[in-house]
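Each chain, letter by letter, is given below.
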Amino acid sequence: KPATLGAMLGQSGAAGGVPVSLISVGVSTFTVRLVRTAPDGTLDERPLPTLARATLDDYLASYGYREINRDARLTWTDWIRDQDQTIRTIETMKWRDRQAAFLPLNRELRKRNRAGLPLAFDLPAEALPPIGRIAADLEAVELEGNQLKIAAEPSRRFLEGHWLEAYILRAIEAGLGERRDVELFTNVEIARDTDNPARNRAAAETEFDLLILGDDRLDLIEAKASSDVSGLHAAIDKLGHYRTLLSGPAGAAWLVAPLVTRRKLEENELLAHAEALGVRIYNNDGAVGRLVTDLKKRYPRRG
């Protein structure tokens, strides 16, 4: 295939070009191999699995990436799964109560993002009732008067915005039920796939709040628990870029921002920007429910 290999080699030298891979399928002895351009300009060939479904590692490797810091991801996922009661509390809150609690909380924690623990800061009066309900179930978090005290790093991460990832994860699992053909992952860090064996020491190129691997395709979900416009714009750009890079036309990407009003999205032209990049935005109350509805249609039960 000289013409095909020549096109691959030519594309590999294009600045900012999308990586091109060749899938080679053997007939007499059924083998599947991935051929791509290595960083030094030579061709790299590796076998691909032909039995069962592709794992996340297999999928990422076929696009020239690998997961890093997996142990940290698994530890964090176990921790957020243990916060079931807290998530139930948040689920039962009215949208206005969530706004009253999490928007000032997010602002205060962003001011102190480099501060050590323990943290202590005042919150406005309207935030106190909903925050009090949440704090009652979290480790090393106390609300005394109008002052919130946080003494554990996992609880700080949760209150900074990871509560929304946990909320979405629980909702998707409840909506899709027990499935062997659909896998969910939270806080996945990826890096370029190199020969460096130090899997847990490489610098991440990016991190995904949630990934869904099913039907041998990858869907991306970004959870935004703030109303910061620049953060929303950056999230759309990231989703659009990696949807194209890792999923292509078959992939889907969602930005879930339940604390943002539609008016704010329209005023800042975020809806049009997302549509242009193939990203769906769900905001306001019911944002998570609309995402789950999409996923039920996308991954119907078979048999």
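Preceding this paragraph is the structure being described.
Residues numbered from 1 in each chain as written. Predicted model: local features only at pLDDT ≥ 70, side-chain atom pairs only at ≥ 80, totals over all residues. Heavy atoms only, no water.

Chemist: Just checking my understanding: could you explain the sheet that holds strand β5 (residues 119–122) for this structure?
Modeler: Strands belonging to one sheet form pairs held by backbone hydrogen bonds; the direction of such a pair is parallel or antiparallel. On the basis of which strands lie adjacent, the open sheet formed by three strands has the order β5-β7-β6 and antiparallel pairing. Among the strands making up the open sheet, the edge pair consists of β5 and β6 (141–144). The mean inter-strand angle of the sheet, taken between neighbouring strand axes irrespective of direction, is 15°. Direction of pairing for β6 relative to strand β7 (residues 147–150): antiparallel, over a ladder of four bridges. Bridged to Leu143 within β7 is Leu148. Sheet contacts for helix α6 (residues 128–135): β6 and β7; angle to β6, the most-contacted strand, approximately 145°. Here helix α7 (residues 153–176) sits on the sheet and contacts β5, β6 and β7; the angle it forms with β7, its principal contact strand, is near 130°. (Pairing = 2+ DSSP bridges. Helix = DSSP H or I, 4+ residues; strand = E, 2+ residues; numbered from the N terminus. Axes fitted to C-alpha atoms, helices over the stretch in contact; angles between N-to-C directions. Contact = heavy atoms within 4.5 Å.)

Chemist: Looking at this structure, I do not really get the pairing of strand β11 (residues 253–257). What am I missing?
Modeler: Along any regular strand the residues' side chains alternate between the sheet's two faces. Among the five residues of β11, five are classified as buried, and the element is accordingly described as predominantly covered. Pairing geometry for strand β10 (residues 217–223) and β11, over four bridges, is parallel. For Ile221, the partnering residue across the bridge sits in β11 and is Trp254. A crossover links β10 with its parallel partner β11, the connecting element being helix α8 (residues 229–247), and its sense is right-handed. Two elements, β11 and strand β12 (residues 279–283), share five bridges in a ladder whose sense is parallel. Bridge pairing in β12 places Ala257 opposite Asn283. (Buried < 20%, exposed > 50% of the residue type's maximum accessible area, 1.4 Å probe, protein only. Right-handed = clockwise from strand over helix to strand, strands pointing away.)

Chemist: Hey, could you run me through the nonpolar core in this one?
Modeler: Taken as a class, soluble globular proteins show a tendency for nonpolar side chains to be buried jointly. Residues Leu148 and Leu159 are the most contacted members of the largest nonpolar core, which totals 51 residues. A total of 11 residues in this core trace back to one element, the largest contributor, which is α7. When neighbours within four sequence positions are excluded, Leu148 is seen to be in contact with Leu105, Leu119, Ala120, Phe121, Leu123, Ile131, Ala135, Val141, Glu142, Leu143 and Leu159. Formed by 28 residues, the second largest nonpolar core is a distinct cluster that contains Tyr65, Ile190, Leu245 and Leu265. (Core = buried A, V, L, I, M, F, W, Y, C linked by side-chain atoms within 4.5 Å.)

Chemist: Even after reading the chapter, I still don't get the packing of helix α5 (residues 95–111) against α6, so can you show me in this structure?
Modeler: A packed helix pair is summarised by two numbers, namely the angle formed by the two axes and the spacing between the axes. In the contact formed by α5 and α6, the axes pass within 8 Å of each other and the chain directions differ by 80°. For the element pair α5 / α6, the angle class is roughly perpendicular. On the side of α5, the interface is formed by Asp97, Ala101, Phe102 and Leu105, while α6 contributes Pro130, Ile131 and Ile134. For the contact of α5 with α6, a count of residues per class yields six nonpolar, no polar and one charged. (Parallel < 35°, antiparallel > 145°, perpendicular 65-115°, else oblique. Nonpolar A, V, L, I, M, F, W, Y, C, P; charged D, E, K, R; others polar.)

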